[in-house]
Structures are given as C-alpha cells and as structure tokens.
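Fold and geometry: a report
Letter by letter, the chains look like this.
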Amino acid sequence: MDLRVFCLHLLALGGGPQSGHPPHCKKIFWMNGIMKELSLEFEKPIVELENRIAELKKFSEKKGIDVNQEIKALEKKLDQLRREILEHLTPWQRVQIARHPQRPYSLDFIHLMMEEFLELHGDRRFGDDQALIGGFAKMGNRHIMVVGHQKGRDLKERQARSFGCAHPEGYRKALRLMQLAEKAGLPILTLIDTPGAYPGVGAEERGQAEAIAVNLREMSGLKVPVVAVVIGEGGSGGALGIGVADRILIFENAYYSVISPEGCASILWREKGKMVDAAESLKLTAHDLFSLGIVDEVIEEPAGGAHHNYEVAARNLKKAIEHHFSELELVPLQQLVEIRYQKFRKMGVFQEFTPEQ
Amino acid sequence: MALFKRPNFLLTQSKKRGVPGGLWTKCESCQELIYNKEWENSLKVCPKCKHHCSLSAPERIRLLVDEGTFEEFDPNLIPSDPLKFRGPKSYPEKVLQDQAMTGLKEAVMTGRGKIEGISTVLAVTDSRFIMGSMGSVVGEKITRAIEKAIEEGLHVIIVSGSGGGARMYEGCLSLMQMAKTSAALAKLSEAGLFFISVLTHPTMAGIMASFASLGDVIVAEPRALLGFTGPRVIKQTIQQELPPGFQTSEFLLAHGMIDGIVERPELKKTIAKFLNYFSWGRR
Ligand SMILES: [Zn+2]
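Now for a description of the structure that goes with this document. Keep in mind it's a predicted model, so treat the numbers as computed, not measured.

1. Here we look at the environment of A245 of chain A
Residues and elements named next belong to chain A. Within the element layout of this structure, A245 appears in the loop between α11 (236-240) and β6 (247-251). For the pair A245 and E41, spaced 204 residues apart in sequence, the C-alpha to C-alpha distance is 35 Å. Non-local contacts of A245, meaning those with residues more than four positions away in its chain, are made with V226, V227, A228, R340, K343 and F344.

2. Description of the interface of chain A and chain B
The figure often quoted for interface size is the accessible area lost as the parts come together. Tallying the contact residues gives 54 residues for chain A and 60 residues for chain B. The largest contributions to the chain A side of the interface with chain B come from E204, Y341 and R345 of chain A, which together make up 13% of the buried area. At the boundary of chain A with chain B, the tally comes to four salt bridges. Here E352 of chain A makes a salt bridge to R144 of chain B, at a shortest N to O gap of 3.0 Å. For the side of chain A that touches chain B, the leading source of residues is helix α10 (residues 208-219) of chain A, giving eight residues. Each residue belonging to the side of chain A that touches chain B can be placed in one class, and the counts come to 31 nonpolar, ten polar and 13 charged. Strand direction decides the pairing type here: strand β9 (residues 350-352) of chain A and strand β4 (residues 77-79) of chain B, joined by three bridges, are antiparallel. In the sheet register, E352 of chain A faces β4 of chain B, and the bridge partner there is L77 of chain B.

3. Notes on the coordination of the zinc ion
All names here are of chain B. Donor atoms from the polypeptide that coordinate the zinc ion comprise C27 (SG), C30 (SG), C46 (SG) and C49 (SG), at 2.2 to 2.4 Å from the metal. Between the four donor atoms coordinating the zinc ion, the angles at the centre fall across 106 to 112°, so the site counts as tetrahedral. For the zinc ion, the donor residues sit on a single chain with the sequence spacing C-x2-C-x15-C-x2-C. Of the two residues, C27 is situated in the loop between β1 (24-26) and β2 (33-35) and C49 in the loop between α2 (36-41) and α3 (57-64); the sequence distance between them amounts to 22 residues. For the pair C27 and C49, one class covers both residues: buried.

4. Re unusual backbone geometry
Across the junction of H201 of chain B and P202 of chain B, the peptide omega takes the value -15°, indicating a cis bond. Looking at where P202 of chain B falls in the secondary structure, it is placed in strand β8 (residues 195-203). Not every positive phi belongs to a glycine, and F163 of chain A is a case in point at roughly 55°. Within the secondary structure layout, F163 of chain A lies in the loop between α7 (155-160) and α8 (168-184). You will see that Q247 of chain B, though not glycine, has its phi angle at about 65°, which is positive. Structurally, the position occupied by Q247 of chain B is in the loop between α8 (231-238) and α9 (249-254).

Scoring rules and cut-offs
Residues numbered from 1 in each chain as written. Chains lettered and ligands numbered in written order. Predicted model: local features only at pLDDT ≥ 70, side-chain atom pairs only at ≥ 80, totals over all residues. Heavy atoms only, no water. Helix = DSSP H or I, 4+ residues; strand = E, 2+ residues; numbered from the N terminus. Contact = heavy atoms within 4.5 Å. Buried area = accessible area lost by both parts, 1.4 Å probe. Salt bridge = Lys/Arg side-chain N within 4 Å of Asp/Glu carboxyl O. Nonpolar A, V, L, I, M, F, W, Y, C, P; charged D, E, K, R; others polar. Pairing = 2+ DSSP bridges. Donors = N, O, S within 2.8 Å, 3.2 Å for Na, K, Ca; no water. Tetrahedral: all angles 85-135°; square planar, octahedral: opposite > 155°, others 65-115°. Buried < 20%, exposed > 50% of the residue type's maximum accessible area, 1.4 Å probe, protein only.

In structure tokens, the structure reads:
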C-alpha cells in the first residue's frame, strides 16, 4: 500500500467540492452538480447524459414547455448506460470506484441504516483513532455493535482520519468494542473501507502488526454473530484486522486484496504504472472473490456505483446484513464459533500428492 | 538424515564477485571474507560484525532440533495456481524456480522434534522461497502443525523469516491464511499449550501481522528487520528520514514488542528453558 500515491490520487480528483456540506448529510443530491469535476474517465458518457437532462429540465422550466416524455426517455437511457458501463468495468476501474471520493463511507451508511448510533472512543492505552470508529447502534429492531473504517470528506477530515488507514490504537479500540459486544451478547457488524493499515513510524512503534494479529486471533473466538462488509476498499491486513467474521459480504464495486494494485505492480513488474495488469491478476473484484469462496454475498449497488445513490446503496446493504444476522441468530453460540473456525480453516487452494512408493 | 544432505546454497551464492572457489564467504553486512569452515562453525554469524545471516529451513531445524529426532509433517503439499496469476513470470514458473533453488517444495517445513529432549511441534519458514511468503500451502501446513500439537499436547515453536508476508500470487486466499493460522493459535492457547515465536531477519507484513506476533513468548535474533509496513514504503509516505535502527529487533525490544533478543548460538538453549518453565507450573 502506497499511501502517498493514494493521497495524490485523491488530490487529483479534486479536494474540496464538498465545502459547505455537512460530511454525513443524508441528502446528497448536490452531488450531481459536481459530478463533472469528480467523474472518473469511464464515467464521462454518464456525466454528459446527466448534463443534457439537466439542461433540458432547465429549458422546459424557463420556456414552460412540457418535455417530460423526452426527459423520461433520457433518464431511462441514463439508467441503461450506467448499467452497461458498470458491467464492462475492468478490475482497475472498479478499484477507482471503490476509492471514489464521493463514495458513501461507514458513517454515511450508519446514519442511513441505523436509528441510533452511540459512538464509543479510545483504546484505553494510547489514543482514539478517528480512522476506525465504532459504537452501539440500533438497526431496525436489532441492537448491535458496529465498527468500521472511516475516511474523511474534506482535506482536513481526511487528514484527521488518516485517509481511512488505522493505527494500532484503532484496531485495539475495535477489539475493545467487539469484546464489549460479546459481553453484552450483541451481534457485531464491521464495515471495511481502508487502503491499508497506516504506514508510519508511530504505528510501527506501537505494534501495528501485533494489533492486527491479536484481532485475528480474538475475533475468531467471539461468541456473538459477526458480519463483515467490504463497503469500499479492502486493503490487505488493515482490512482483515476487522474482517474475521461468520459472514463476509462485499459491495459489487468494492475490492478486497492482499496488496494494493500499485504495490503489486511495483514489486512484481517493478513499475507502478502496471497497476491495471496487477488489478486484473490479483482477482480482487467482488465477483472474483465470490468465485474463490472468500465472500458469501455480493451486494448490488445502484446503477453507476454507490456514489450515485446513497439511499439505495444503504437499503441494499441493510437488507443483506439483516438477512445474515437473522440466519446467524439461529445458530447456538458454541457452534457458531466452531463454524467460523471451519470457515477460515477451509480457505486455501493447494495440491497434496501421494509420494510414489 | 537425507534432509540435511542437500547442497548448501548459501555457500554457493558466495562464489560471485570473484570470491575464490567457494572457500570463502563474504559477510553481506560488513563485507568481511570468512573462511567457510569458520563460517559454518559460527552458525553463519559473522565473527566480525555479528550479522546473523539467514538460515535455510533445514539448517534452522538442524540448529534447533536434537539430532535424528525430526519427523517432517505434510511434505507433499504443493501450491496450485488458483488465480491463474498473470505476471511478468507465471506463478508455477516462480514456484519451480524456487523449488530448484532451495530444494524445498514450499516456504515452510513443519514437523515434530525434540529440543533438548522435549518433544515439540516446529514450523520453520524459509526466506529464500518466494521471500518466505505465506500462500495456501504455508497457511495449511502451519495450521495442521498447530492442530497436531493440540492433538498430541505439545507446545509449538514457529521460526519466521519472511520479507514477503502474504503471498501476492494467491491474492486474498493468502490473506485469509493469516486469519486461519491465528485462529488455530487461539485453539492452541485454549488447550493450555504454549507457542514460542522466533523472529529472524526479515519478518514483515502478513507474517508479522498474524502468527509471528502471537507468541506467548517472542524472541528475535539480533538486528533482524521486523515490522508491518516495509521501511521503504514508510519513508515514501512520511517523506522523512526514518529513526536510526527503525524496525530492528533492538527497536522492537525497546518498544515492548518482544521478550528478548537471543544470539544464534544461545537460541536452542533458551527455547529449551522456556519450554521447561511451561511445564514446571502447577496446572
Ligand atoms: Zn559481518
């Protein structure tokens, strides 16, 4: 994971069109107005059509001419176009969608899916990591513990949240909250969205590797149902650090990978520019991961990607989470832990030959 | 034991750069030329600068296990190519190349052996095999070894040496081996058994962020590079010079991340002492 490249990438996409908008505002309709500025290369045809529709609407208002028929047709076409483009995305383009600065983040989903969220802070050892948040939440008729990576919207918030790259204290806070949930018998939801664990001197000094390792060990034995969802970026160990769960779900444009495409490109190809090939080779897309048996469900995104419609994305996500919780709640707790162990125990593909006598 | 009769690749490597006919080995740290006999006697620790040169898995086992007591587990596990990974070199090509270079089938050897008479389960990674990285085979062999230890009531020793972490060629399947091995260690602990983690140069990324960090006791060889993110990436990210000695064994000791630093000639004795303490308590 190369954070610097990642930051540059974000900056290149434009730093602050969000100014003036609350970071977790439920109504995101203003986004359409800035799509032009923020769109990815392959989204250009979508943006052009969106602009045409907007112009047509303006025109009809101004002149008082009814063009509803035409607008409806164009909107239908737009929906189709979004779907078509999405269907033919390369793995690298999906990575770009997963990193889209307008993509809904954990707190957006929490506010859209939960009636209550009581955030809890700190690892009781060093600090409170803003890149990994969590707390009690009420979702439908269920009381749960939710923990998730959190990225920032504007530059200041991005820095405060370390671009969603958690420090050891983040992982330790997450574990503290999960163990609290276990004590209270509450199911746990984790939302994964990180380029990777934070690469820094302090993180190493405070045991980044140890913090993640302990989470892997302890999560494997939690005696409550755990559902993990990769909502955006599933960046290697930093993602897995809150990812040992009974069910692993993923949004259709999210990715989950052992290494960032850039990192893989620079190690194997010795050329960062080969990230398109690396993304292809790593089999990091939702559907690839489903085929490999790593994720249990791929959650559909609204046409064009989750950033086009937060509400629909949140609705799909909530439905999937509730479905898996209700299944898991039927399993006796002791069995649950053993089934979780076996789930990870079975992961891996290898050959075992019988030596010739 | 046939295991140890394989050609010694560390020595043949030293032939390059005009070092005469394999008689001498050049220390990779201080460039001192050391007579091979002396090099072997010193367990590949440079007599001048104390640099601990990497040991192969068979050499490490020979160092730690009482002669003639090692029985290898699962020697017939080999990687497949689940992603059909397309890189500058294909995965099967890379595997064949490193199998030929190391004489090993994969980056870890596991088995049962006695350490000063105490039966233990061992896993030793070999940093030469795709940088000692963990794919499905390494994860599976370590997990099987831990499960075997639980079955037989033995303690576990894992010697880690991996600059590669989770192996890229197997994508997320490699990442999941971190969870798999860590979960197995949770079971070992529940069974009241102990795990000694020995860290050697280098132990990084996915190996360090899973089993290697989970020892009841963690010791490291001197001056090994140990950490999560590689120093080059951190330097690039923070755009600053790294503090001296960053991510060395000594750095981790100073920050409370390991129990001690043990020089190679003392390693076996030290491990045996820990093992004894595990059994002396009243449980
Ligand atoms: Zn030397």
